[in-house]
Amino acid sequence: MENKELILAIETSCDETSAAVIKDGKEILSNIVSSQIESHKRFGGVVPEIASRHHVEQITLIIEEAMSEAEVTFKDLSAIAVTEGPGLVGALLIGVNAAKAMAFAHNLPLIGVHHIAGHIYANQLIHKLEFPLLTLVVSGGHTELVYMESDGSFEIIGETRDDAVGEAYDKVARTIGLPYPGGPHIDKLAHEGEPSYDLPRAWLEPDSFDFSFSGLKSAVINTLHNQKQRGEEINTQDLAASFQASVIDVLITKTKKAQEKYNVKQVLLAGGVAANKGLRAELQRTFEHSEVELIIPPLNLCTDNAAMIGAAASIKYKQGKFSSYDLNGDPGLDLERE
């Protein structure tokens, strides 16, 4: 393991406790993820206090398992990386304090990583990144178009003005009566129906790359309520298909426009909603005959995991961007200052 860059990465921003060992920023030696979905399902969403308690219970076990699977000791490591933000502050603090303690105890560099930078760099684990590039970030709390001129430089050229895509999916799913998390259930239903309901698409100003999904979410809820009041049968498959068609249409149209304007070499997909089959398929169709290379991460690297944090940390390691021991969990961390 000599002369190799080995980073132990930790991710606890929401409801997954994860640790990974990443070699040279692109090879996964281990990536252990413990999900809390079953604990939060009965509440219809993530309960921050419960998430934090689960992280406390799991963190040392997950780190030990990641290091054991990678067959490394602390002496082999080059640095320890951790998600600094954004996320639930209590959850972030568990990972940050574990990372600080280990970095201090073993005299290793500490690297704080932006959660969204992690999602973007998850793509580096499957394919070499070529700049300039554009990333469509779609997750529970984020919907953004991020332009990158070079490694570690992030410019948000478009973002949601209200609900993120993941939030809209969860709220619509709850209204239809589907369990949490709503995204996979709506995606599944959408493939069984036809987009027969006329739902809005928020294009905003002609030159804007921003998104808005609250009007669409309200339109779905109003459609459901109106049909119930009239005693009409609701075709949930068609409603899910119509909602998903509207979301995907806006996401892909704006991504294509941004790709053309910024003349990028690659278009990346990133974030938890990147697991959506409809979105993946439509993106592939859109860029099938394009000179621009489309990179879509495998499903296991879409949801929150520590491997992506290790990949992003590798760039900061090479650039010598280390954190001090006053590193703190920052729920409002700015990607552009990363």
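Report on the accompanying structure.

Rules behind the numbers
- Residues numbered from 1 in each chain as written.
- Predicted model: local features only at pLDDT ≥ 70, side-chain atom pairs only at ≥ 80, totals over all residues.
- Heavy atoms only, no water.
- Helix = DSSP H or I, 4+ residues; strand = E, 2+ residues; numbered from the N terminus.
- Rg over C-alpha atoms; globule rule 2.2 N^0.38 Å.
- Buried < 20%, exposed > 50% of the residue type's maximum accessible area, 1.4 Å probe, protein only.
- Contact = heavy atoms within 4.5 Å.
- Areas by Shrake-Rupley, 256 points an atom, 1.4 Å probe, with all protein chains shown as cover.
- Pairing = 2+ DSSP bridges.
- Axes fitted to C-alpha atoms, helices over the stretch in contact; angles between N-to-C directions.
- Parallel < 35°, antiparallel > 145°, perpendicular 65-115°, else oblique.
- Left-handed = near helix turned anticlockwise from the far one by under 90°.
- Nonpolar A, V, L, I, M, F, W, Y, C, P; charged D, E, K, R; others polar.
- Arc of directions from axis to C-beta.
- Core = buried A, V, L, I, M, F, W, Y, C linked by side-chain atoms within 4.5 Å.
- Right-handed = clockwise from strand over helix to strand, strands pointing away.
- Polar contact = N/O pair within 3.5 Å; in protein donor to acceptor, adjacent residues only side chain to side chain.

Of regular secondary structure, the chain possesses 10 helices and 10 strands. For a compact globule of 338 residues, the expected C-alpha radius of gyration is about 20 Å, and the chain comes in at 20 Å, within 12% of that figure. For the chain, the spread of C-alpha atoms along the three principal axes comes to 65 × 45 × 30 Å. Taken over 338 residues, the chain has a buried fraction of 55%. Counting only contacts in the chain whose residues sit at least 6 apart along the sequence, the fraction spanning at least 24 positions is 74%. About 14,700 Å² of surface is accessible on the chain, with carbon and sulfur atoms providing 49% of the total.

Turning to the sheet that holds strand 1 (residues 6-11), a few remarks are in order. Across the sheet, which stays open at both edges, the five strands sit in the order 3-2-1-4-5 with mixed pairing between neighbours. Looking at which strands have only one partner, the edges of the open sheet turn out to be strand 3 (27-35) and strand 5 (110-114). Strand-to-strand twist of the sheet, defined as the mean angle between neighbouring strand axes without regard to direction, takes the value 20 degrees. Relative to strand 5, strand 4 (residues 79-85) is paired through five bridges, and the arrangement is parallel. In the strand pairing of strand 5, Val82 is matched with Gly112. Contacts from helix 2 (residues 48-70) reach strand 1, strand 2 (16-23) and strand 3, with the element oriented near 25 degrees to strand 2. Strands in contact with helix 10 (residues 306-319) are strand 1, strand 2, strand 3, strand 4 and strand 5; relative to strand 1, the strand with the most contacts, it is inclined by about 130 degrees.

What follows covers the packing of helix 8 (residues 236-262) against helix 9 (residues 277-286). It is at 10 Å that the axes of helix 8 and helix 9 come closest, and there the two elements cross at 40 degrees. The angle between helix 8 and helix 9 falls in the class oblique. Here helix 8 and helix 9 pass one another in a crossing that is right-handed. In this structure, helix 8 contributes Gln244, Ile248, Leu251, Ile252 and Lys256 to the contact, and helix 9 contributes Gly278, Leu279, Glu282, Leu283 and Thr286. Tallied by class, the residues present in the contact of helix 8 with helix 9 amount to five nonpolar, three polar and two charged.

Residues of helix 6 (residues 182-190) that are buried: Gly182, Gly183, Ile186, Asp187, Leu189 and Ala190. Projected down its long axis, helix 6 carries its buried residues within an arc of 165 degrees, all on one side. Structural note: helix 6 exposes Pro184 and Lys188 on the side pointing more than 90 degrees away from its buried face. The inward-facing, buried residues of helix 6 contact helix 5 (165-176), helix 8 and helix 9.

The subject of this paragraph is the nonpolar core. In terms of nonpolar packing, the biggest core is built from 46 residues, with Phe243 and Leu251 touching the most fellow members. Within the residue set of this core, elements represented by two or more residues are strand 6 (133-138), strand 7 (143-148), helix 5, helix 6, helix 7 (214-229), helix 8, strand 9 (266-270) and helix 9. Counting residues per element, this core draws most heavily on helix 8, at 10 residues. In this view, Leu251 contacts Leu136, Val138, Thr143, Val165, Phe211, Phe213 and Leu279; residues no more than four positions away in its chain are not counted.

Two faces belong to every sheet, and in a regular strand the side chains alternate between them. In terms of residue burial, strand 4 counts as a mostly covered element, since seven of its seven residues are buried. For the segment spanning strand 4, helix 3 (residues 89-105) and strand 5, crossover handedness is right-handed.

Glancing now at helix 9. Because an α-helix packs 3.6 residues into every turn, residues spaced three or four apart end up facing the same way. Of all the positions in helix 9, only Gly278, Leu279, Arg280 and Leu283 are classed as buried. Where helix 9 is buried, its residues contact strand 6, helix 6, helix 8, strand 9 and strand 10 (293-295). Two or three places before Gly278, at the opening of helix 9, Asn276 has a side-chain oxygen 2.9 Å from that residue's backbone nitrogen.

Here we come to the pairing of strand 7. Across the six residues that make up strand 7, a large majority, six, are buried. Sheet topology places strand 6 next to strand 7; six bridges connect them, and they run antiparallel. When the sheet's bridge partners are listed, Leu134 is paired in strand 7 with Tyr147. Here strand 6 folds back onto strand 7 in antiparallel fashion, the turn holding four residues. Across four bridges, strand 7 lies against strand 8 (residues 155-159) in antiparallel orientation. Across the sheet, residue Leu145 finds its bridge partner in strand 8, namely Gly158. Remark: six residues form the turn of the hairpin made by strand 7 and strand 8, two consecutive strands paired antiparallel; Gly152 in that turn has positive phi of roughly 80 degrees.

This next bit is on the sheet that holds strand 6. Strand order across the open sheet formed by five strands is 8-7-6-9-10, with mixed pairing between neighbours. The open sheet terminates on both sides in strands that have one partner only, identified here as strand 8 and strand 10. Across the sheet, the axes of successive neighbouring strands diverge by a mean angle of 20 degrees, strand direction being ignored. Contacts from helix 9 reach strand 6, strand 9 and strand 10 within the one sheet, and its direction differs from that of strand 9 by about 175 degrees.

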